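# Report on the structure
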Amino acid sequence: PLDLSLSDLKPGYVLDYALKTWQVTAHHYYDYDGDRVDEWELSCGDDVVYLDRQEDDDISWTLTRKIRVSDVAGNIRDHMRNNDDPPDEVSHNGRTYYGDSSAVGRFYKNSEGSGQEFITWNYLDDSEKRSLSLEQWGDDEYDATVGEVVEEFQFSNILPAG
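In short, a report on the structure. Just so it is clear, the model here is predicted, and its values are computed rather than measured. Here the residue numbers are simple positions, counted from 1 along each chain's written sequence. Since the coordinates come from a predicted model, pLDDT governs what is reported: local features require at least 70, and pairs of side-chain atoms require 80 or more to be given and counted, while whole-chain, interface and lining totals use all residues. Side-chain numbers come from the whole structure's heavy atoms, not from hydrogens or water.

## Considering the pairing of strand E3 (residues 35-44)
- Only protein chains enter the area calculation, which uses a 1.4 Å probe; residues under 20% of their type maximum are buried, those over 50% are exposed, and those in between are partly exposed. In DSSP terms, a helix is any run of H or I states spanning at least four residues, a strand is any run of E spanning at least two, and both are numbered starting from the N terminus. Within E3, 7 of the 10 residues are buried, which leaves the element mostly enclosed by the surrounding structure.
- Strands pair, by our definition, only if DSSP identifies at least two bridges between them. Counted between consecutive antiparallel strands, the loop separating strand E2 (residues 20-32) from E3 contains 2 residues, among which Asp-33 sits at a positive phi close to 55°.
- Of the pairings in the sheet, the one linking E3 to strand E4 (residues 47-55) comprises 8 bridges and is antiparallel in character. Considered in E4, the bridge of Trp-40 is made with Leu-51.
- Here E3 folds back onto E4 in antiparallel fashion, the turn holding 2 residues, of which Gly-45 has a positive phi close to 65°.

Take a look at the structure:
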């Protein structure tokens, strides 16, 4: 029997999560001054999520989805143009998130190349289990994601490609 863990994921692998079977379609990573965060892109039909693995004292996992920056309450783009930073508090779908951290990093698409520099601002809700992140790429390109902390045991039936 195969004994694969989430940390072993590679493009082409499949796994089960939330009563769906997902395929790993890409493996990227972020570098924050030597601190690495791995990100696997998972697809199930039209649904795409991102599984992030971060290692500090422990390994933590976050599952995120891209959202439109315009779906975050308030005009984030204008606020950032006028203040160089987003607000300390943001909301999305009726949930309020509070500024937690920010960092400059490099993104390595498909874990290749010299990476693309970006700035990220991370927010957490009151439970500290749900997150919202805003990213700035270049002078005026923004992305947003919402996510939640997940546990490795929530994923099962990890199988290699083919």
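Read on for the rest.
## A few points about the environment of Asp-78
- Note that Asp-78 resides in helix H1 (residues 76-83).
- When its relative accessible area of 35% is taken as the criterion, Asp-78 is described as partly exposed.
- Once the C-alpha coordinates of Asp-78 and Leu-51 are considered, the two residues, 27 residues apart in sequence, prove to be 30 Å apart.

## A word on the packing of aromatic side chains
- The criterion for an aromatic pair is that two Phe, Tyr or Trp rings (for Trp, the six-membered ring) have centres within 6.5 Å, with stacked assigned to planes under 30 degrees apart, edge-to-face to planes over 60 apart and tilted to the rest. One pass over the structure, following the stated rule, counts 9 aromatic pairs.
- Relative to Trp-137, the ring of Phe-107 lies with its centre 5.7 Å away and its plane at 85°, an arrangement referred to as edge-to-face. Taken together, the positions of Phe-107 in strand E7 (residues 95-108) and Trp-137 in strand E9 (residues 130-137) put the pair 30 residues apart, joining distant regions of the chain. Across the pair, exposure class does not vary: Phe-107 and Trp-137 are buried alike.
- Ring centres of Phe-118 and Trp-137 lie 4.7 Å apart, and the angle between their planes is 20°; on these two criteria the pair is classed as stacked. Here Phe-118 is found in strand E8 (residues 116-124), whereas its partner Trp-137 is found in strand E9, with 19 residues between them in sequence. Considered together, Phe-118 and Trp-137 belong to a single accessibility category, that of buried residues.

## Some remarks on the nonpolar core
- In this structure, Leu-6, Leu-9, Leu-15, Leu-42 and Leu-51 are the most contacted members of the largest nonpolar core, which totals 16 residues.
- Elements supplying a minimum of two residues to this core: strand E1 (14-17), E2, E3, E4, strand E5 (59-67) and strand E11 (155-159).
- By definition in these notes, contact holds between two residues if any of their heavy atoms fall within 4.5 Å. Setting aside residues no more than four positions away along its own chain, Leu-51 makes contact with Leu-6, Leu-9, Asp-38, Glu-39, Trp-40, Leu-42, Trp-61, Thr-62, Leu-63, Val-150 and Phe-155.
- Met-80, Trp-121, Tyr-123 and Ala-144 belong to the second-largest nonpolar core, a separate cluster that totals 14 residues. We call a set of buried Ala, Val, Leu, Ile, Met, Phe, Trp, Tyr and Cys residues a nonpolar core when their side-chain atoms join them within 4.5 Å.

## Some remarks on unusual backbone geometry
- A positive phi angle is found at Asp-84, which is not glycine, with a value near 65°.
- Considering the arrangement of structural elements, one finds Asp-84 in the loop between H1 and strand E6 (89-92).
- Using a relative accessible area of 61% as the deciding quantity, one classes Asp-84 as exposed.

## Observations regarding the side chain of Glu-41
- When you line up the elements, Glu-41 lands in strand E3.
- No salt bridge is formed by the buried Glu-41; the nearest opposite charge belongs to Lys-109, separated by 5.6 Å.
- If we ignore the near neighbours within four places in the chain, the residues touching Glu-41 are Gln-23, Val-24, Thr-25, Ala-26, His-28, Val-48, Val-49 and Tyr-50. Note on charges: Lys and Arg go in the positive column, Asp and Glu in the negative column, and His and the chain ends are not counted at all. Here, a salt bridge means any side-chain nitrogen of Lys or Arg that lies within 4 Å of a carboxyl oxygen of Asp or Glu.

So far we have only geometry, and geometry alone does not tell us how the molecule works.
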